[in-house]
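As a plain string of letters, each chain reads:
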Amino acid sequence: MTSTSTPTATASSPTFSPPPGAGSPKKVFGVLALAVFVSNLDVFIVNIAVPSIHRSFARSSVADLSWVLNAYAIVFAALLVPAGKLGDVIGRRRVFTAGLVAFGAGSALCAASPSLGFLIAARLLQGVGAAAVTPTSLGLMLPSIPPDKRAAAIGGWAALGAAGAASGPPLGGLLSELSWHWIFIVNVPVAVIALVGAYRVLPEIRDPAKPPLPDLIGTAMLVGSVSLATLGLVQGPAWRWDVRVVGCLVAAGALAVAFVIRSARHRAPVLELAILRVPAFALASVSAALFFAAFSAMLLGNVLFLTGVWHYSVLHAGLALTPGPVAAAAVAPFAGKLAHRIGPGWVGAAGAALFGVGSISWVVLIGLDPTYWSRFFPAMLVGGAGVGLALPAFTIAATATLPPARLATGIGAQTMFRQIGATLGVAAFVAILGTPTADTVIGSYNDTRWFMIGAAAGAAVALALIRPATSRRSS
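Residues numbered from 1 in each chain as written. Predicted model: local features only at pLDDT ≥ 70, side-chain atom pairs only at ≥ 80, totals over all residues. Heavy atoms only, no water.

J.: How do you make sense of the overall build of the protein when you look at a structure like this?
T.: Within the protein, the secondary structure is distributed over 16 helices and zero strands. Relative to the 2.2 N^0.38 estimate, which gives 23 Å for 475 residues, the radius of gyration of the protein is 21 Å and therefore close to what a compact globule would have. Each of the three principal axes of the protein carries a C-alpha extent, and together these read 70 × 50 × 45 Å. Evaluated residue by residue, the protein yields a buried proportion of 57% over its 475 residues. A fraction of 85% describes how many contacts in the protein between residues 6 or more apart in sequence connect residues 24 or more apart. Here the protein displays about 18,900 Å² of accessible surface, and carbon together with sulfur accounts for 69% of that area. Charged side chains of the protein number 29 positive and 13 negative; the gap between the two group centres comes to 11 Å. (Helix = DSSP H or I, 4+ residues; strand = E, 2+ residues; numbered from the N terminus. Rg over C-alpha atoms; globule rule 2.2 N^0.38 Å. Buried < 20%, exposed > 50% of the residue type's maximum accessible area, 1.4 Å probe, protein only. Contact = heavy atoms within 4.5 Å. Areas by Shrake-Rupley, 256 points an atom, 1.4 Å probe, with all protein chains shown as cover. Lys, Arg positive; Asp, Glu negative; His and termini not counted. Charge placed at Lys NZ, Arg CZ, Asp CG, Glu CD.)

J.: Just to check I follow, could you spell out the packing of helix H10 (residues 279-308) against helix H14 (residues 372-399) for this structure?
T.: For any two helices packed against each other, the geometry comes down to the angle between their axes and how far apart the axes lie. H14 packs onto H10 with a crossing angle of 155 degrees between their chain directions and a minimal axis gap of 10 Å. On the basis of their axis angle, the class for H10 and H14 is roughly antiparallel. Here H10 runs over H14; the crossing is left-handed. Together, Ala280, Phe281, Ala284, Ser287, Ala288, Phe291, Phe292, Phe295, Asn302 and Leu306 of H10 and Phe376, Met380, Val387, Ala390, Leu391, Phe394, Ala397 and Ala398 of H14 make up the contact between the two elements. Classifying every residue of the contact of H10 with H14 by side-chain character gives 16 nonpolar, two polar and no charged. (Axes fitted to C-alpha atoms, helices over the stretch in contact; angles between N-to-C directions. Parallel < 35°, antiparallel > 145°, perpendicular 65-115°, else oblique. Left-handed = near helix turned anticlockwise from the far one by under 90°. Nonpolar A, V, L, I, M, F, W, Y, C, P; charged D, E, K, R; others polar.)

J.: Just to check I follow, could you spell out the nonpolar core for this structure?
T.: Grouped burial of nonpolar side chains is what soluble globular proteins tend to show. Counting 96 residues, the largest nonpolar core has Ile53, Leu119, Phe291, Leu306, Trp310, Phe355 and Phe376 as its most contacted members. Top element by residues in this core is H10. It accounts for 15 residues. Those residues in contact with Leu306, other than ones at most four positions away along the chain, are His311, Tyr312, Ala317, Ala320, Leu321 and Phe376. (Core = buried A, V, L, I, M, F, W, Y, C linked by side-chain atoms within 4.5 Å.)

J.: Please clarify how the pattern of salt bridges should be interpreted in this entry.
T.: Opposite charge on two side chains makes pairing possible when the charged atoms of those side chains draw close. Across all of its chains, the model carries five salt bridges by this definition. Note that Asp88 and Arg92 form a salt bridge whose closest N and O atoms lie 3.0 Å from each other. For the pair formed by Asp88 and Arg92, the shared burial category is buried. (Salt bridge = Lys/Arg side-chain N within 4 Å of Asp/Glu carboxyl O.)

Here is the structure:
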C-alpha cells in the first residue's frame, strides 16, 4: 500500500509545500474523487444489472452470473496492496493513470461483451484498474493537501464509498432499463476525463526510500486461494457437494497457508502480518470480512428477490433498494463522531446488530405477496442505518492503534479483507440459495438471510471485543 510520507507541519507553516507539479488541493481532490467514485459505484451498480444480464445470457445460472461480481472483487482484493506498493516504486501517478486506462478499457469491453465468459474476463480487467486507482489515489492526495485539511480530505475520500452505494441502485436501475450495457458505457467518458485531469493537476510521487517490488507470487497465491474457495461454493449444488468441491476447498486452504508463510518471509508482502498482531486491527479486519459477507449477500439477494419473486422491473427494484444506502449515507457521519467519543467497537457492534435485525425482519415479515412499504421498506431503513454505523467503525478501529506510517498499509489491508469477505459472501449466497422451486423459494431466500444474520452477529461480537485506543503508537 502507498506510504503517506507526508510532512507534519501545519498548513500555516512555511515548511509545507505541495509536491512539484501538483495543482490546487481542490483540483487534486476533484480528479481523485472522480476516479474513486466511479470505481466504487461499479461495485453497486452491477448488482442491480444482474437480472438484465441474465436475460441476455439466458442459459447462464445464478452461479455463472455470480462470477460477474466475484471476478472483479477477487482481483481487486488481491492487487490492492501490491498496486499501492508498485506506485511507491515506479510512481503513483503512473500507476493511477494506468489503472484508469485499464478500468476504462475494461468497461468498454464489458459493454461490448458477446458472451458471459467475455464479460467476466472484461470484469477482471476492470478489477485490475480499480485496484490500481484506489490506493494510489490516497497516496497522491495526502502530500498535495495542507496537513490541517487532511483529516477532512480523508473523510471525503472515505465518503465516496457511501455516495457510490447510494447512487448505485437508482442509477443502475435507470441505465439497465435502457440496456445493461450502459452501466459500463458511462464509465468510459468518466475515466477519460479523470485521465486528462490526472496529467494536468496530479504530481508524480515516489517513495524516496526505494522500497522493493511487491510480491507477485504471493498475489497469485491469494487469487488462487479465494478463487478456488469461491468455485467450490458456487458449484457446490451443481456438483452435489462431491469430491470436486472438497478438492477446491482443500486446495484453497493449502494456498492460503502458503500465502501466509510467504507473507512472513517476503520483503514486500501482500499482507504485512505484523499489523495483525495489533488486536484492534485484527478484530476489525475479521469483523469487516464477516460484515461484508453478509452485506454482499444482501445486495445480490434483494435484487434477485425483488425481480424474480415479486416481479419488479430492474428500475423498480433499483428504486426500491435506494432507501437502504441513503440511510447508511445519512447515518455514517454521526457514526464517525460517536465512534471517537465512545469507541468504534461499540458503535460498529451496534451497527452490525441493527443490520442483523433488518435481516430478521425479512425472514419474519416477507412472503410471496409484495408488501414493500409496510414491511420491506422499514427493514431496509433499519439495515441501512446499521451499515451506516458499521462502516466508519471498521476503519477507525483498524487504524486507531497503528502508527502514522502504517495507516495507508492498514487501510489497504482492511479493504482487502472486505473484498474477500464480499466475494465469499456472494459465493455462500449462491450455494445456499441453490435452484429454488415455486414451493421452496421463500424458504431458500430465508436460508440465505439466516446466513446474513449469522455473519453479522459474528461481526458484532468481534467489534464488541475491541477496546478504545488511548493513544496511537509512535512510528
